[in-house]
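Residue-level listing of the chains:
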Amino acid sequence: MVEAVLIDLFSLPANLQNNIHGLLHNTLEAIEKCSSIHPPFVYVMCCHRQGSERKGEQEFLLAALRGFQSLKRGLEVVCAQTTVAALYTVKQRLDEKDLSIIKVILPTLRKDLMKVYIDHLFTAVYQFEFEDLQVVPDSESLQISEHQHEGQTLPSQDVALIQSEIQMYLESLPSLKGELTILRSSLIPDDIFLHGFTTRTGGISYIPTLSSCNLFSSSKRRDPQVVVKENLRRLANAAGFNPEAFHRVKVDHANAVCIMGKTEPDNYDGIVTDRKGVTLAAPGADCIPVLFADPVRRTCGAAHSGWKGTLLGVSMATVNAMVSEYGCNMKDILVVLGPSVGPCCYKLPHESAKEFHRIDPKCVRQFDSASPYIDIRRATRILLERGGILPENIQDDSITDQKQNITFCTACHPDKFYSHFRDGTNFGTQIGFISIKD
């Protein structure tokens, strides 16, 4: 069932501009006939023309509502100077109400254009269907057509212009939830490496569980790639790295490692390089973003370590890749564990907890319960030390000096971090990142 209707009156033909009142009336009448039992939310998208007051234009359009009592409650006129500004506002309204099934009613000539905007600003969470507003020349009115017109693909230069318009608009938006904050470790020498762990502040993501500096886009979440790209651009500006030379691991919750410059695996949770100016990153929203640095051989790495990756030894797999590929000495490698869910909050089913108990009984609390508490950080440290990393070269939550603590519990700090464990399926993601300075 359609949950929302978007009526695009943004670029009507010139001969219809003065008849917009009648056009809207006819369109709403057709919507009401089709949805008298469960009226959808209706958004009318129109151009905010120079020299006209927004309030006056809205009142003019809302005059067409007389008699449409069933639609009044959920109707809003959205006026803006650009299509992207209007559509992004509509998206915010949809997200506020958790609406996902949308019918778009628009002039035939706008359809291919609108599809490009939608492809960039929305994810697969949303379902769109299109109906044509067709001009009847002799009456200068519009009528809704069920015909699904398939237009020609837009020329690449038009798509590029839309992409540029979207980027410029997103860059103009204010940062949310305060300034962008980066946590850094004193263990990694800042004269050789640029690194940090992000928090959730300083981006433009507005959905509560994704707000505000979400750095991962998924088909299952509502933050589109363009928003994540803008968050990354702001992070890169603040941190001082090139967002065009940014490589995030392709999470598989396993232990494969990508060697930068060699054939890239389809999926991998670790990545290493000896190239200067290339930024490596690992996501985390309870899973551990782990950073690796060898100041002697000037190499670095990043790994994503959830409970599965921890058991599979992804951190030592990343260390071993640095040793085998770049000749690193195990005793020179520094390892920092970033913000992740702590043993205070994280539980696993008993069968999975057994595997951590085998690593060390101290990795499990309330072992006899159905869902024991698990310490994936302690397990990671133990496996690293067993593999040859010096204890003093590992930074995690065992560091008691608060000035040095960067391995916070993500679930315990909703103001600072995202947490899948705490927030559910539509969760945001922070990252750990590292690069070798030029």
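As the structure is a prediction and not an experimental result, all values here were calculated from the model.

Caption draft 1: Region of interest: the packing of aromatic side chains. Within the structure shown, the criterion is met by nine aromatic pairs. Between Tyr88 and Tyr206, the aromatic rings sit 5.7 Å apart at their centres with planes inclined by 90°, giving edge-to-face as the arrangement. Here Tyr88 is found in helix 4 (residues 83-96), whereas its partner Tyr206 is found in the loop between strand 8 (193-198) and helix 7 (225-239), with 118 residues between them in sequence. On the numbers, 5.3 Å between centres and 50° between planes, the contact of Phe241 with Phe433 is tilted. Of this pair, Phe241 sits in the loop between helix 7 and strand 9 (246-248) while Phe433 sits in strand 19 (residues 430-436), placing them 192 residues apart in sequence. The same class applies to Phe241 as to Phe433, namely buried. What links up through ring pairs into an aromatic cluster is the set Tyr88, Tyr169 and Tyr206. Positioned above the aromatic ring of Phe130 is the side chain of Lys115, whose terminal nitrogen or guanidinium carbon lies 5.2 Å from the ring centre. The ring of Phe427 carries the charged tip of Arg221 above its face, separated from the ring centre by 3.9 Å.

Caption draft 2: Broad picture of helix 7. Counted at 1.5 Å a residue, the expected span for helix 7 with its 15 residues is 21 Å, and the 20 Å between its end C-alpha atoms agrees. At the exit of helix 7 stands Gly240, carrying a positive phi of roughly 95°.

Caption draft 3: Broad picture of the sheet that holds strand 7 (residues 182-183). In spatial order, the strands read 7-8-19-12-9; together these five strands make up an open sheet with mixed pairing. On the outer flanks of this sheet lie strand 7 and strand 9, each paired with one strand and no other. Strand direction decides the pairing type here: strand 9 and strand 12 (residues 279-284), joined by three bridges, are parallel. In the strand pairing of strand 12, Phe246 is matched with Thr279.

Caption draft 4: A look at empty space enclosed by the protein. In total, this model carries one cavity of 30 Å³ or more according to the counting rule given. For the largest cavity, the full set of lining residues is Ser305, Thr310, Gly313, Val314, Ser315, Met316, Thr380, Leu383 and Leu384. Secondary-structure elements contributing two or more residues to the lining of the largest cavity are helix 9 (314-326) and helix 11 (376-387). Here the lining of the largest cavity is composed, by residue class, of four nonpolar, five polar and no charged.

Caption draft 5: Fine view of the pairing of strand 1 (residues 4-8). The element strand 1 is largely enclosed, with a buried count of five among its five residues. Of the two faces of strand 1, the one holding Ala4, Leu6 and Asp8 and the one holding Val5 and Ile7 are both buried throughout. Note that strand 1 and strand 4 (residues 101-107) share four bridges and pair parallel. Along strand 4, the bridge assignment pairs Val5 with Lys103. When strand 1 meets strand 2 (residues 41-47), the two strands line up parallel, connected through five bridges. Bridged to Val5 within strand 2 is Val42.

Caption draft 6: How the structure looks around the environment of Thr429. Examined against the element boundaries, Thr429 turns out to sit in the loop between helix 12 (420-423) and strand 19. Overall, the relative accessible area of 3% leaves Thr429 in the buried class. In this structure the C-alpha to C-alpha distance between Thr429 and Thr209, which are 220 residues apart in sequence, comes to 9.8 Å. Contact partners of Thr429, with chain neighbours within four places excluded, come to Cys213, Asn214, Leu215, Phe216, Arg221, Pro283, Gly284, Ala285 and Tyr418. Within polar-contact distance, the side chain of Thr429 engages the side chain of Arg221 at 3.1 Å.

Caption draft 7: Structural view of the environment of Ile436. As for its placement among the helices and strands, Ile436 is situated in strand 19. In this structure, the C-alpha to C-alpha distance between Ile436 and Val278, residues 158 residues apart in sequence, is 7.0 Å. The contact partners of Ile436, leaving out residues within four places of it in the chain, are Ile192, Phe193, Thr273, Asp274, Arg275, Lys276, Gly277, Val278, Arg298, Thr299 and Cys300.

Caption draft 8: View of the side chain of Thr199. Tracing the backbone through its elements, the reader meets Thr199 in the loop between strand 8 and helix 7. A residue is classified by how much of its surface remains accessible, and Thr199, at 5% relative accessible area, is buried. A distance of 3.3 Å separates a polar atom in the side chain of Thr199 from the backbone oxygen of Thr181. Within the structure, the side chain of Thr199 is placed 3.3 Å from the side chain of Thr201, a separation counted as a polar contact. Dropping the residues within four chain positions of it, Thr199 is found in contact with Thr181, Leu183, Cys213, Lys416 and Phe417.

Caption draft 9: Main features of the packing of helix 6 (residues 156-172) against helix 7. Orientation of helix 6 relative to helix 7, taken along the N-to-C sense of each, is 55°, at an axis distance of 10 Å. The angle between helix 6 and helix 7 falls in the class oblique. Crossing angle aside, the handedness with which helix 6 passes helix 7 is right-handed. Along its contact with helix 6, which presents Ile166, Leu170 and Glu171, the element helix 7 presents Val226, Val227, Glu230, Arg233 and Arg234. Taken together, the residues of the contact of helix 6 with helix 7 break down into four nonpolar, no polar and four charged.

Parameters at a glance
Residues numbered from 1 in each chain as written. Predicted model: local features only at pLDDT ≥ 70, side-chain atom pairs only at ≥ 80, totals over all residues. Heavy atoms only, no water. Phe/Tyr/Trp six-rings, centres within 6.5 Å; stacked < 30°, edge-to-face > 60°. Helix = DSSP H or I, 4+ residues; strand = E, 2+ residues; numbered from the N terminus. Buried < 20%, exposed > 50% of the residue type's maximum accessible area, 1.4 Å probe, protein only. Lys NZ or Arg CZ within 6 Å of the ring centre and 35° of its normal. Expected span 1.5 Å × (residues − 1). Pairing = 2+ DSSP bridges. 1 Å grid on protein atoms, 1.4 Å probe; cavity = no way out; pocket = protein on both sides within 12 Å on 5 of 7 lines; lining within 4 Å. Points joined across faces, edges and corners; volume = space filled by probe spheres on them. Nonpolar A, V, L, I, M, F, W, Y, C, P; charged D, E, K, R; others polar. Contact = heavy atoms within 4.5 Å. Polar contact = N/O pair within 3.5 Å; in protein donor to acceptor, adjacent residues only side chain to side chain. Axes fitted to C-alpha atoms, helices over the stretch in contact; angles between N-to-C directions. Parallel < 35°, antiparallel > 145°, perpendicular 65-115°, else oblique. Left-handed = near helix turned anticlockwise from the far one by under 90°.

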